[in-house]
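The residues making up each chain are set out below.
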Amino acid sequence: MDLTNLNKEQREAVVTTQGPLLILAGAGSGKTKTLTTRIAYLLQEENVSPHEILAITFTNKAAGEMKERIIDLVGFLGERIWAGTFHSMCLRILRMEIEEVGYKPNFVIYDESDQQTLLKQILKEQNLDEKKFPPRLLANTISNFKNELLDPQSARKYINGDFIMEKNVEIYDIYQERLKQNNAVDFDDIIMLTVQLFERNAEILTKYQNRFRYIFVDEYQDTNHAQYRLIKLLAAKYRNICVVGDDDQSIYRWRGADIQNILNFEKDYPEAKVVKLEQNYRSTQVILDAAYSVIKSNSERKDKRLWTEKKGGAKIDYFTALDEEEEAFFVSREIKKRVVNGERTYADFAVLCRTT
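Residues numbered from 1 in each chain as written. Predicted model: local features only at pLDDT ≥ 70, side-chain atom pairs only at ≥ 80, totals over all residues. Heavy atoms only, no water.

### What to know about the overall build of the protein chain
Okay, step 1: Looking only at helices and strands, one finds 15 helices and 8 strands in the protein chain.
Okay, step 2: Principal axes of the C-alpha set define a box for the protein chain whose edges measure 65 × 60 × 35 Å.
Okay, step 3: Relative to its full complement of 356 residues, the protein chain shows a buried share of 45%.
Okay, step 4: Across the protein chain, contacts joining residues at least 24 apart in sequence account for 75% of those joining residues at least 6 apart.
Okay, step 5: When the accessible surface of the protein chain is summed, it comes to about 19600 Å², and 48% of that surface belongs to carbon and sulfur atoms.
Okay, step 6: For the protein chain, the separation between the mean place of its 51 positive charges and that of its 55 negative charges on side chains is 2 Å. (Helix = DSSP H or I, 4+ residues; strand = E, 2+ residues; numbered from the N terminus. Buried < 20%, exposed > 50% of the residue type's maximum accessible area, 1.4 Å probe, protein only. Contact = heavy atoms within 4.5 Å. Areas by Shrake-Rupley, 256 points an atom, 1.4 Å probe, with all protein chains shown as cover. Lys, Arg positive; Asp, Glu negative; His and termini not counted. Charge placed at Lys NZ, Arg CZ, Asp CG, Glu CD.)

### Observations concerning the packing of helix α9 (residues 189-200) against helix α11 (residues 225-235)
Okay, step 1: At their nearest, the axes of α9 and α11 sit 9 Å apart, and the two run at 35° to each other. As for the relative orientation of α9 and α11, their crossing is left-handed in sense. Between α9 and α11, the contacting residues are Ile191, Thr194, Val195, Phe198 and Glu199 on the first element and Ala226, Gln227, Arg229, Leu230, Leu233 and Leu234 on the second.
Okay, step 2: Here the contact of α9 with α11 is built from residues that sort into 7 nonpolar, 2 polar and 2 charged. (Axes fitted to C-alpha atoms, helices over the stretch in contact; angles between N-to-C directions. Left-handed = near helix turned anticlockwise from the far one by under 90°. Nonpolar A, V, L, I, M, F, W, Y, C, P; charged D, E, K, R; others polar.)

### As for the pattern of salt bridges
Okay, step 1: In this structure the tally under the stated criterion is 23 salt bridges.
Okay, step 2: Of the charged contacts, one joins Lys232 and Asp268 as a salt bridge, the two residues approaching to 3.6 Å between their closest N and O atoms. Note that Lys232 is positioned in helix α11 and Asp268 in helix α13 (residues 265-268), a separation of 36 residues in sequence.
Okay, step 3: Residue classification places Lys232 among the partly exposed positions, given a relative accessible area of 29%.
Okay, step 4: For Asp268, a relative accessible area of 17% puts it in the buried group. (Salt bridge = Lys/Arg side-chain N within 4 Å of Asp/Glu carboxyl O.)

### Some points on helix α5 (residues 112-125)
Okay, step 1: Taking 1.5 Å per residue as the helical rise, α5 with its 14 residues ought to reach 20 Å, and the 20 Å between its terminal C-alpha atoms agrees with that figure.
Okay, step 2: For α5, every residue scored as buried is listed here: Gln115, Gln116, Leu118, Leu119, Ile122 and Leu123. Angular distribution of buried residues about the axis of α5 spans 170°; they occupy a single face of the element.
Okay, step 3: Two or three places before Ser113, at the opening of α5, Asp111 has a side-chain oxygen 3.1 Å from that residue's backbone nitrogen.
Okay, step 4: Count one or two residues on from α5 and you reach Asn127, which has phi positive near 55°. (Expected span 1.5 Å × (residues − 1). Arc of directions from axis to C-beta. Polar contact = N/O pair within 3.5 Å; in protein donor to acceptor, adjacent residues only side chain to side chain.)

### What to know about the pairing of strand β7 (residues 241-245)
Okay, step 1: The element β7 is extensively covered by neighbouring structure, given that 5 of its 5 residues are classed as buried.
Okay, step 2: Every second residue of β7 is oriented toward a common face, with Ile241, Val243 and Gly245 on one face and Cys242 and Val244 on the other, all of them buried.
Okay, step 3: Taken together, the 4 bridges between strand β1 (residues 21-25) and β7 define a ladder with parallel strand orientation. The residue of β7 that forms the bridge with Leu21 is Cys242.
Okay, step 4: As paired strands, strand β6 (residues 214-217) and β7 are joined by 3 bridges and run parallel to one another. The residue bridging Ile215 from the neighbouring strand is Ile241, located in β7.
Okay, step 5: In this view, the connection linking β6 to its parallel neighbour β7 by way of α11 has right-handed handedness. (Pairing = 2+ DSSP bridges. Right-handed = clockwise from strand over helix to strand, strands pointing away.)

### Looking at the pairing of β1
Okay, step 1: Most of β1 sits out of view: 5 of its 5 residues are buried.
Okay, step 2: Neither face of β1 is open: one carries Leu21, Ile23 and Ala25, the other Leu22 and Leu24, and all of them are buried.
Okay, step 3: Here 5 bridges tie β1 to strand β8 (residues 273-277), and the two strands are oriented parallel to one another. Pairing of Ala25 across the sheet is with Leu277, part of β8.

### Focus on the sheet that holds β1
Okay, step 1: Judged by pairing direction, the sheet is parallel, and its 6 strands sit side by side in the order β3-β2-β6-β7-β1-β8 without closing on themselves. The open sheet terminates on both sides in strands that have one partner only, identified here as β3 (82-85) and β8. Across this sheet, the average inter-strand angle for adjacent strands is 15°, counted without regard to direction.
Okay, step 2: Pairing geometry for strand β2 (residues 53-57) and β6, over 4 bridges, is parallel. Residue pairing for β6: Ala55 is matched across the bridge by Phe216.
Okay, step 3: Running at roughly 145° to β8, helix α1 (residues 8-15) makes contact with β1 and β8 of the sheet.

### Considering the state of the cysteines
Okay, step 1: Counted under the stated rule, the structure contains 0 disulfides.
Okay, step 2: Not part of a disulfide, Cys90 finds its nearest cysteine sulfur in Cys242, a span of 19 Å.
Okay, step 3: Taking the relative accessible area as the measure of exposure, Cys242 reaches 1% and is therefore buried. (Disulfide = S-S within 2.5 Å.)

Rendered as structure tokens:
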């Protein structure tokens, strides 16, 4: 393959085809290009079968883009690899193997509305007030348990005399029983049941370990415990696991992401090679230096510093507001000023808000 369009670090990652590989990819450093080229390299240069490759990311859109890029590089071979989200991969496996964990293959998947209906029904049967036990909060609690691979029995150790938690676990227990009675699973069950399947049936685990000899995981910093455990089980035999991520971009702790998964990769795989993609193709050096001055103070991060050939760039303005109202007023005033001056139109602006 022609790798001249890659920089030195990207090429190093692509041609490192055996054993564990951690690619620390800063923002705008070409991680998707590196990941897809590495898969194409395995197919073309190492003669790896596309059926032996598993590529996982977090959204269907990202998975589709990844597969399209691979097909552009290697043609029809790219269509045969498993590329998808954690849930789509596990769902395919469960459709074939779920009888091993007590469900029928024609199981149904409960969406958020189905969950709410079932939880409200359970609360009514247990004479519990929805105001004290909001169904949405219960659903979040149950989701957190499942992301930590805690079944109702295992979750009991977190009660510690807490009445609310005790009731949460009781409801969780009833909720799981009802799901099973209805031959149904919820979104979080899809991964948890796959992990249980692999842990309980060594023959099935070995089957999929032999199937997926080369495993790729994108956005590894956003994996939760269940996803981490799933990948560790699959990669245990051949250890050809390539994870791509950036600890500086880990922002999903609120939904179960565990930054320790990427920080401890070298502890899980002592023989791992680490490649840092630090050349940025998106921003100017001014932006990168400003970002680094903020992020370098984080206590839990891998050492890296982005750089670019785009020197200079507009200076950064900042404004310190006393409260959210002053902040909103400043933003709206600045937008209006640029529109009135004829520099921009309102359609040129987007306002991003982060709320709790």
